[in-house]
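Each chain, letter by letter, is given below.
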Amino acid sequence: MTRQDQSITLSVSDRDKAELEALALEFGMKWGDRPNISKLVKAIAQHKLLIAPNNDWKDSRLKALKHAVDALTDLGKIQEAKIIAQLLLDRSELPDPLRREIEAFLNNTSIPWRLEIDRYMKRNQPFELTYQDAADRTWHFHIRHAQINPHEDREYLDCWCEETEGNYDLPELKHNRCFRLDRIPEAAIAPIEGKWLPSLAEIEVEMHLFRGLAFAYKTKTGEDTFNEWLTDSPQVRRIVKKVSNTFWFFREILRYGEDCVIVSPDSVRDRFQQKLIALCRQYNLEIRD
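Residues numbered from 1 in each chain as written. Predicted model: local features only at pLDDT ≥ 70, side-chain atom pairs only at ≥ 80, totals over all residues. Heavy atoms only, no water.

Here we take up the sheet that holds strand β7 (residues 189–191). With antiparallel pairing, 5 strands are arranged side by side in an open sheet as β6-β5-β4-β3-β7. Two strands lie at the open edges of the sheet, namely β6 (176–180) and β7, each paired on one side alone. On average, each strand axis in the sheet is tilted by 45° relative to the strand beside it, whichever way the strands run. Relative to strand β5 (residues 154–161), strand β4 (residues 138–151) runs antiparallel, the two being bridged by 8 bridges. Counted as the bridge partner of histidine 151 is arginine 154 from β5. On top of the sheet, helix α7 (residues 113–122) reaches β3 (127–132), β4, β5 and β7; it is set at about 25° to β7, its chief contact. (Pairing = 2+ DSSP bridges. Helix = DSSP H or I, 4+ residues; strand = E, 2+ residues; numbered from the N terminus. Axes fitted to C-alpha atoms, helices over the stretch in contact; angles between N-to-C directions. Contact = heavy atoms within 4.5 Å.)

Considering all chains together, one arrives at 1 cavity of 30 Å³ or more under this definition. Considering the residues around the largest cavity, the lining is formed by Asp158, Cys159, Asn176, Arg177, Cys178, Leu200, Ser244 and Asn245. Those elements that place two or more of their residues in the lining of the largest cavity are β5 and β6. Looking at which element gives the most residues to the lining of the largest cavity, the answer is β6, with 3 residues. Partitioning the lining of the largest cavity into residue classes produces 3 nonpolar, 3 polar and 2 charged. (1 Å grid on protein atoms, 1.4 Å probe; cavity = no way out; pocket = protein on both sides within 12 Å on 5 of 7 lines; lining within 4 Å. Points joined across faces, edges and corners; volume = space filled by probe spheres on them. Nonpolar A, V, L, I, M, F, W, Y, C, P; charged D, E, K, R; others polar.)

All right, on to the side chain of aspartate 158 then. If you trace the backbone, aspartate 158 turns up in strand β5. Within the structure, aspartate 158 has its side chain in polar contact with the side chain of asparagine 149 (distance 2.8 Å). If near-sequence neighbours (up to four positions away) are discounted, aspartate 158 is found in contact with His145, Ala146, Gln147, Asn149, His151, Arg177, Cys178 and Leu200. (Polar contact = N/O pair within 3.5 Å; in protein donor to acceptor, adjacent residues only side chain to side chain.)

Bringing the pattern of salt bridges into the picture now. Throughout the structure, instances matching the rule amount to 10 salt bridges. Between glutamate 162 and arginine 144 there is a salt bridge, with the nearest N and O atoms lying 2.3 Å from each other. With glutamate 162 in the loop between β5 and β6 and arginine 144 in strand β4, this pair connects stretches of sequence that are 18 residues apart. We classify arginine 144 as buried; its relative accessible area is 15%. Here glutamate 223 and lysine 241 are joined by a salt bridge, their closest N and O atoms 3.4 Å apart. One end of the pair, glutamate 223, is in the loop between α8 (211–216) and β9 (224–229); the other, lysine 241, is in strand β10 (residues 237–243), and 18 residues separate them in sequence. On the basis of relative accessibility, which here comes to 32%, the residue glutamate 223 falls in the partly exposed class. The exposure class assigned to lysine 241 is buried, which follows from its relative accessible area of 1%. (Salt bridge = Lys/Arg side-chain N within 4 Å of Asp/Glu carboxyl O. Buried < 20%, exposed > 50% of the residue type's maximum accessible area, 1.4 Å probe, protein only.)

The subject of this paragraph is the nonpolar core. The nonpolar side chains of a soluble globular protein tend to be buried, and buried together. Phe249, Ile253, Ile262 and Val268 are the most contacted members of the largest nonpolar core, which has 22 residues in total. Breaking this core down by element, the ones donating at least two residues are β8 (203–209), α8, β10, α9 (246–254), β11 (260–264) and α10 (266–282). Sort the elements by how many residues they give to this core and β8 lands first, with 4 residues. Apart from the residues within four sequence positions on either side, isoleucine 262 is in contact with Val205, Glu206, Met207, Phe249, Phe250, Ile253, Val268, Arg269 and Phe272. Tyr131, Ala146, Leu181 and Trp196 belong to the second-largest nonpolar core, a separate cluster that totals 20 residues. (Core = buried A, V, L, I, M, F, W, Y, C linked by side-chain atoms within 4.5 Å.)

The buried fraction of α7 amounts to 7 of the 10 residues, a majority that puts the element mostly inside the structure. Listed as buried for α7 are Trp113, Arg114, Glu116, Ile117, Asp118, Tyr120 and Met121. In the stretch just after α7, asparagine 124 is the one whose phi turns positive, near 55°.

Counting buried positions over the 7 residues of β8 gives 6, a clear majority of the element. By the bridge criterion, 4 bridges tie β8 to β11 in an arrangement that is antiparallel. The residue bridging histidine 208 from the neighbouring strand is valine 261, located in β11.

The predicted structure's coordinates, where accompanied by low pLDDT, should not be read in detail. Here the protein chain shows a mean pLDDT of 80. Residues at 70 or above account for 82%. By mean pLDDT, helix α1 (residues 3–9) is the weakest element of the protein chain at 46, and β8 is the strongest at 95. Note on residues 1–10: pLDDT under 50 across the span, and 19 contacts to partners over four residues away in sequence or across chains. (pLDDT = per-residue confidence, 0-100.)

What follows is the structure, encoded as structure tokens:
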């Protein structure tokens, strides 16, 4: 320690002194090769280094940055995600559950498996995927088509799989699976023999839109095959769309409420009707035929 530092550090604990010396080294405040606390204090006094609160970020900012970490991870941009994660970890106001989640993410130094999945999809190469569901059960799937698609606020791996066990979607869609990217273990992908399929299994669903929704609805490229006004009912818009997963389809149209009606096929209409009946019963509403 230099003579200059003694007047500063004699009145602080060894732990505080070590932290000050570490800060001095971090910002290049040194006397020779040793940290110089006096230079650090002088730089702060001259506003060359700024001192700012480390506990004044609102929850909305923390949540937005966590969403950014998730989105970048889904996109395979692991290094960018880690930079933002470290920024969050440096904040003292970060809640403990979120802190533990981010620490676990930063401690995972395995290769980004997302890049490997992208390579398989570009080469039309079937592959085997190991997946861990919400109940921490491990599953193995043989995949012959895959897409990265957004569903609500996250990206998912939509796949055509040989295995259908536990899939309760319509028979025409039973080979389709939807996997959360953050539940795919590292190094859980391997090539397999077989033919790559051109798309997921799909069915066409017709629905009619009414009132304001009929005028506000925007065609969804890649999904909608028809978007037209009914000639005999000029205030009704007819939409025909390709559906590969009724779970996500129902989640979408539930937002439309009474302004949307499924017309066909009957299997989709009946299943959605049963979902609405179950919802009414949750609220103890009487169901009349």
